[in-house]
Amino acid sequence: MRKREDEKWMRLALKEARKGMGLTSPNPPVGAVLVKDEVELGRGHTQRVGGNHAEREALARALEGALEGADDVPSIHGSTMYVTLEPCSSEGRTGACVTALIEAGVSRVVYGTRDPNPLHQGRADEILKEAGIEVEWGLFQDECEKLIRGFAMVQREGRPWVIAKTAMSLDGRITRPEGEGQWLTGGEARERVQILRGEVDAILTSGETLRRDDPALTIRSAEVSDLKEPVLRVVVTRQEIERENYQMFKDEGGERSLIFRDVKLYEILRTLAREKGVNVVLLEAGGDLLGAFADEGLIDEWMIFLAPLVCGGPKVGLGGGGAENLGERLALKEIEVERVGDDLYARGVVEREELRPLMR
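Keep in mind the model is a prediction, meaning the values are calculated, not measured.

This part is about the state of the cysteines. Tallied over the entire structure, the rule returns 0 disulfides. Cysteine 88 forms no disulfide, and the closest cysteine sulfur to it belongs to cysteine 97, at a distance of 3.5 Å. Assessed through its relative accessible area of 0%, cysteine 97 is described here as buried.

Turning to the environment of glutamate 5, a few remarks are in order. Its location among the elements puts glutamate 5 in helix α1 (residues 2–18). With 33 residues separating them in the primary sequence, glutamate 5 and glutamate 38 have C-alpha atoms 7.6 Å apart. In this view, glutamate 5 contacts Glu38 and Tyr82; residues no more than four positions away in its chain are not counted. A distance of 3.0 Å separates the side chain of glutamate 5 from the side chain of tryptophan 9, its partner in a polar contact.

Here the focus is the side chain of glutamate 16. Here glutamate 16 lies in helix α1. A relative accessible area of 4% places glutamate 16 in the buried class. At a separation of 2.7 Å, a polar atom in the side chain of glutamate 16 contacts the side chain of lysine 19. Apart from residues no more than four positions distant in its own chain, glutamate 16 is found in contact with Gly31, Ala32, Arg43, Gly44 and His45.

Before going further, it helps to spend a moment on helix α3 (residues 97–104). Along α3, the residues classified as buried are Cys97, Val98, Ala100 and Leu101. Burial along α3 is one-sided: seen end-on, the buried residues are contained in an arc of 160°. One or two residues past the end of α3 sits glycine 105, with phi positive at roughly 85°.

Note on soluble globular proteins: their nonpolar side chains tend to be buried together. Of all hydrophobic cores here, the largest spans 40 residues; its most connected members are Leu34, Leu59, Met81, Leu101, Val106, Val109 and Leu128. Elements with a contribution of two residues or more to this core: α1, β1 (31–36), α2 (54–67), β3 (80–85), α3, β4 (108–113), α4 (123–130) and α5 (141–147). If you tally residues by element for this core, the top one is α1, at 6 residues. Setting aside anything within four residues of it in sequence, one finds methionine 81 in contact with Ala32, Val33, Leu34, Glu55, Ala58, Leu59, Leu101, Val106, Arg108, Val109 and Val110. Ranked by size, the runner-up nonpolar core spans 25 residues in total, among them Phe260, Ile268, Phe293 and Val350.

Read from one edge of the open sheet, 8 strands run β9-β8-β7-β10-β6-β11-β13-β12, paired in mixed fashion. The sheet is open, and its two borders are formed by β9 (257–261) and β12 (332–340), each paired with just one other strand. Mean inter-strand twist for the sheet, computed between neighbouring axes without regard to direction, equals 20°. Both β12 and strand β13 (residues 343–350) contribute to a ladder of 7 bridges, which runs antiparallel. By the bridge assignment for β13, valine 337 is matched with alanine 346. Lying over the sheet, helix α6 (residues 149–157) contacts β6 (161–169), β10 (280–284), β11 (301–307), β12 and β13, oriented at roughly 125° with respect to β6. The strands that helix α7 (residues 187–197) touches are β6, β7 (202–206), β10, β11, β12 and β13; relative to β11, the one it contacts most, it runs at about 165°.

The rules behind these values
Residues numbered from 1 in each chain as written. Predicted model: local features only at pLDDT ≥ 70, side-chain atom pairs only at ≥ 80, totals over all residues. Heavy atoms only, no water. Disulfide = S-S within 2.5 Å. Buried < 20%, exposed > 50% of the residue type's maximum accessible area, 1.4 Å probe, protein only. Helix = DSSP H or I, 4+ residues; strand = E, 2+ residues; numbered from the N terminus. Contact = heavy atoms within 4.5 Å. Polar contact = N/O pair within 3.5 Å; in protein donor to acceptor, adjacent residues only side chain to side chain. Arc of directions from axis to C-beta. Core = buried A, V, L, I, M, F, W, Y, C linked by side-chain atoms within 4.5 Å. Pairing = 2+ DSSP bridges. Axes fitted to C-alpha atoms, helices over the stretch in contact; angles between N-to-C directions.

In structure tokens:
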């Protein structure tokens, strides 16, 4: 019975956490639910930087309910906090969440996954248990870790999580006649990309794509929260860029458009994480830059659209040196495949572990 209750409330915490996707960097998206005697007291998710973490948000909602004077609102004392990530144990802008839980009189904490920062990992357990609070962790761990992939990558590797998005013909080409529109895919596929842009902190493209398409790289979807700040736009180039010639430097978010000229790809990613608080990057570029990132092992996730076309021609969807043998090929896990309008959509995470032999 207790396990079913725990799962019920952690699912709700996961739902809360998803509300913060793309809105919380450099902090991770986290959700929390406060419960007592199988009654929800409050819920919340981590707010924009400087605002409440999920636990404090849930406690605040519970306190609001108590202050309203409703007869059926239980006391917070003796309650259980369900949270998707280990409560923070370091003092930040809003104070350590473990301190807030202790002061509120919470008697049990159930969290999904541990803090990926090795300096803090498991520290909450020690502090809470010393205060007499029961602690359990690992419930829906995979789902909770998926939500914080970007934050975890920054903590462990010093760079953001990189999602590569590409759209190509069935023969793997992006060749288009001169003067033709920049899209191979249909409107439904492009809407899917717009929604994804709402979940990332930066969009990175190449100087070649900038000169050829003059993209806006803005978010144009009603499905994205109004709280979303203009996404950071990044251009990687070897040549001089005349800013006044391109719309991304002249629109309202122009000050959030950056150029990196002749800088190593890994250093660009580290700079974005360290100086701009970027947890997740969306790579939208032609085959040359995609290939360069792939060759350096800097792509963590692929989002691929196949248009019902056969284009031929020299422009490939993915260039670079590529795999010299089957042992060096990329393999994907957590695969999603579906039809989106007239296009085929596939998404998967790069498998970093040793590759299994191909089945013939």
